[in-house]
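Each chain, letter by letter, is given below.
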Amino acid sequence: MLNINRLQRPLLTRARMSMNEYPKGLKKRLTELEQNYAQLVKSIENEAAACSPHRSVSLVAVSKFHTSADILSLYNVGVRHFGENYVQELLEKSKELPLDIKWHFIGGLQSGKCKDLANNVSNLYSVETIDSLKKCKKLDTARQQLGYDKISVLMQVNTSGEEQKWGFSATQLDDLYETIEYLKSPQCKSLELSGLMTIGNFTESMSPSSENKDFTCLYNLKQHLDSKYDLKLKLSMGMSNDYLQAIRQGSDSVRVGSKIFGTRPPK
Ligand SMILES: *Cc1c(COP(=O)(O)O)cnc(C)c1O
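Cut-offs and rules
Residues numbered from 1 in each chain as written. Predicted model: local features only at pLDDT ≥ 70, side-chain atom pairs only at ≥ 80, totals over all residues. Heavy atoms only, no water. Near = heavy atom within 4 Å. Polar contact = N/O pair within 3.5 Å; in protein donor to acceptor, adjacent residues only side chain to side chain. Areas by Shrake-Rupley, 256 points an atom, 1.4 Å probe, with all protein chains shown as cover. Nonpolar A, V, L, I, M, F, W, Y, C, P; charged D, E, K, R; others polar. Phe/Tyr/Trp six-rings, centres within 6.5 Å; stacked < 30°, edge-to-face > 60°. Helix = DSSP H or I, 4+ residues; strand = E, 2+ residues; numbered from the N terminus. Buried < 20%, exposed > 50% of the residue type's maximum accessible area, 1.4 Å probe, protein only. Lys NZ or Arg CZ within 6 Å of the ring centre and 35° of its normal. Expected span 1.5 Å × (residues − 1). Arc of directions from axis to C-beta. Contact = heavy atoms within 4.5 Å. Lys, Arg positive; Asp, Glu negative; His and termini not counted. Salt bridge = Lys/Arg side-chain N within 4 Å of Asp/Glu carboxyl O.

Colleague: Just checking my understanding: could you explain the site of the ligand for this structure?
Modeller: The immediate surroundings of the ligand are formed by 13 residues, with Lys64, Asn85, Ser240, Gly257 and Ser258 found nearest. Within the side chain of Ser240, one N or O atom sits 2.5 Å away from an oxygen atom of the ligand. A distance of 2.8 Å separates an oxygen atom of the ligand from a polar atom in the backbone of Gly257. Burial of the ligand by the surrounding chains reaches 91%, relative to a free accessible area of 380 Å². Here the shell around the ligand is composed, by residue class, of six nonpolar, four polar and three charged.

Written as structure tokens, this is what we have:
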């Protein structure tokens, strides 16, 4: 994944020099996106450095509902990791955007859409929202037939226990165990187990308390699974409202949308 510390600075500088080539309206938007992105990277770097000198945190730019032109603007300043929530939207965007973009699927995934996703987005880098063994197998089987790169998968955990949320249970762990065992088995050919993902509870994320219980829960679960299966699971947690807190609580990758692109247009 993108290592902000090493990669971002030179790329952002290079973009600044070629800005004269942009038409006026686009130029204003590009400047805005570029500044938002650079500020965000800086604040991520600062928070990571405050935690520990060698800490590196990746950033996924969540582009759902925003235009391919916006994505391309950031692409042109070196950004490669983008996150999308809807299979149809991702299929359309991936068709018209450069093939070296690393797409992260971060939306609720329906079983019926696994095949579409695996087959039609050759540069799908990661699915962060695996919530059942069945979906894992569907993705794996569909992807195997095409010889594309492996998909890095994260298992989404419903850390807050809210009913409307997707994800594995954080208390009944059997499904999670079974899925990890499949992902580690030779039977699984085109997926690579990368980590755990959660969406922080909204109220929890808006309150200035010292600890977000969802992030604590995911971190503890990681420790448990790492030692049970000899893994080094990565944690994907933190969005526009709570990414700093997520970094303080051990996040390896934050997924940020509105802080880069502004408020989302209605779908
Ligand atoms: C939309 C979304 C994000 C980004 O949310 P912002 O609050 O705009 O930063 C991150 N993760 C997931 C799963 C999302 O659906």
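After presenting the structure, the write-up continues.
Colleague: Explanation requested: the packing of aromatic side chains in the structure shown.
Modeller: Two descriptors summarise a pair of aromatic rings, namely the distance from one centre to the other and the angle between the planes of the rings. According to the stated counting rule, one finds three aromatic pairs in the structure shown. Between the aromatic rings of Phe65 and Tyr86, the centroid separation amounts to 5.7 Å while the plane-to-plane angle is 15°, which identifies the pairing as stacked. With Phe65 in the loop between strand E1 (58-62) and helix H3 (68-75) and Tyr86 in the loop between strand E2 (81-84) and helix H4 (87-96), this residue pair connects regions lying 21 residues apart in the sequence. Its relative accessible area of 22% is what places Phe65 among the partly exposed residues. Assessed through its relative accessible area of 35%, Tyr86 is described here as partly exposed. Here the basic side chain of Arg80 rests over the ring of Tyr75, its NZ or CZ set 3.6 Å away from the ring centre.

Colleague: Where do I start with helix H9 (residues 213-229) in this structure?
Modeller: Since the α-helix advances by 3.6 residues per turn, residues separated by three or four positions end up pointing in the same direction. With 17 residues, H9 ought to run about 24 Å at 1.5 Å a step, and its terminal C-alpha atoms sit 24 Å apart, in line with that. Within H9, burial applies to Asp214, Phe215, Leu218, Leu221, Lys222, Leu225, Asp226 and Tyr229. Each buried residue of H9 lies within a common arc of 135° when the element is viewed along its axis, so the set occupies one face. H9 presents Lys213 and Ser227 as exposed residues on the side facing more than 90 degrees away from its buried surface.

Colleague: Explanation requested: the side chain of Arg29 in the structure shown.
Modeller: By the secondary structure assignment, Arg29 is in helix H2 (residues 24-51). Of note is the side chain of Arg29, whose polar atom sits 2.5 Å from the side chain of Glu32. Only 3.1 Å separates the side chain of Arg29 from the backbone oxygen of Phe261, close enough to count as a polar contact. Not counting the four nearest positions on each side in its chain, Arg29 is found in contact with His66, Asp70 and Phe261.

Colleague: In this structure, what is going on with unusual backbone geometry? I would like to understand it.
Modeller: Leaving glycine aside, a negative phi is the common case for residues, and trans is the common case for peptide bonds. In this structure, Phe65 is a non-glycine residue whose phi angle is positive, near 70°. Positive phi is not limited to glycine here, since Asp230 has a value of about 55°. Its location among the elements puts Asp230 in the loop between H9 and strand E8 (234-236). A relative accessible area of 70% means that Asp230 is categorised as exposed.

Colleague: Explain the side chain of Glu128 here, please?
Modeller: Of note, Glu128 is situated in strand E4 (residues 124-130). Summary of buried charges: Glu128 has no salt-bridge partner, and the nearest side chain of opposite charge, Arg255, is 4.3 Å away. Separated by 2.9 Å, the side chains of Glu128 and His104 make a polar contact. In this structure the side chain of Glu128 is engaged in a polar contact, spanning 2.7 Å, whose partner is the side chain of Ser236.

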